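Overview (structure and organization)
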Amino acid sequence: MLPLVSAPGDTLYVIVATLTTNRRLMDAREALSDVCRELAVDREVVLCVWDAQSSWGIQVADYGLWAVQRILEGRPCKWFESRIQPHLASMLTPWGTV
């Protein structure tokens, strides 16, 4: 997916909701670093941790991703067509565009 949404030398920001402990945050950073190293990622990847309770954007993104996941699984989501789909430019998956 990375080559479809970015070019070599780009900076990518991975945004996650608050992690409860310093250990979990450290584990997340290490896991992201390991994946980038294994895949020989030629982009800078920055982990951003936002407080979910005070950052409405992370809650909106979470809801949007949940709705898309339901559609990809073939499950109903009554709000997808009216609230989510109008804001999607595309839905890229490892198996192609939906």
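The following paragraphs examine the structure supplied in this document. Keep in mind it's a predicted model, so treat the numbers as computed, not measured.

Here the largest pocket is characterised by a volume of approximately 620 Å³. Lining of the largest pocket is provided by 19 residues; of these, Ala61, Leu65, Val68, Leu88 and Ser90 occupy positions nearest its centre. Secondary-structure elements contributing two or more residues to the lining of the largest pocket are helix H1 (2–5), helix H3 (56–72) and helix H4 (80–84). The element best represented in the lining of the largest pocket is H3, accounting for eight residues.

With that settled, the discussion passes to the side chain of Arg70. Its location among the elements puts Arg70 in helix H3. Glu73 provides the closest opposite charge to the buried, unpaired Arg70, separated from it by 6.0 Å. Apart from the residues within four sequence positions on either side, Arg70 is in contact with Arg75, Pro76 and Cys77.

Quick notes on the rules
- Residues numbered from 1 in each chain as written.
- Predicted model: local features only at pLDDT ≥ 70, side-chain atom pairs only at ≥ 80, totals over all residues.
- Heavy atoms only, no water.
- 1 Å grid on protein atoms, 1.4 Å probe; cavity = no way out; pocket = protein on both sides within 12 Å on 5 of 7 lines; lining within 4 Å.
- Points joined across faces, edges and corners; volume = space filled by probe spheres on them.
- Helix = DSSP H or I, 4+ residues; strand = E, 2+ residues; numbered from the N terminus.
- Buried < 20%, exposed > 50% of the residue type's maximum accessible area, 1.4 Å probe, protein only.
- Lys, Arg positive; Asp, Glu negative; His and termini not counted.
- Salt bridge = Lys/Arg side-chain N within 4 Å of Asp/Glu carboxyl O.
- Contact = heavy atoms within 4.5 Å.

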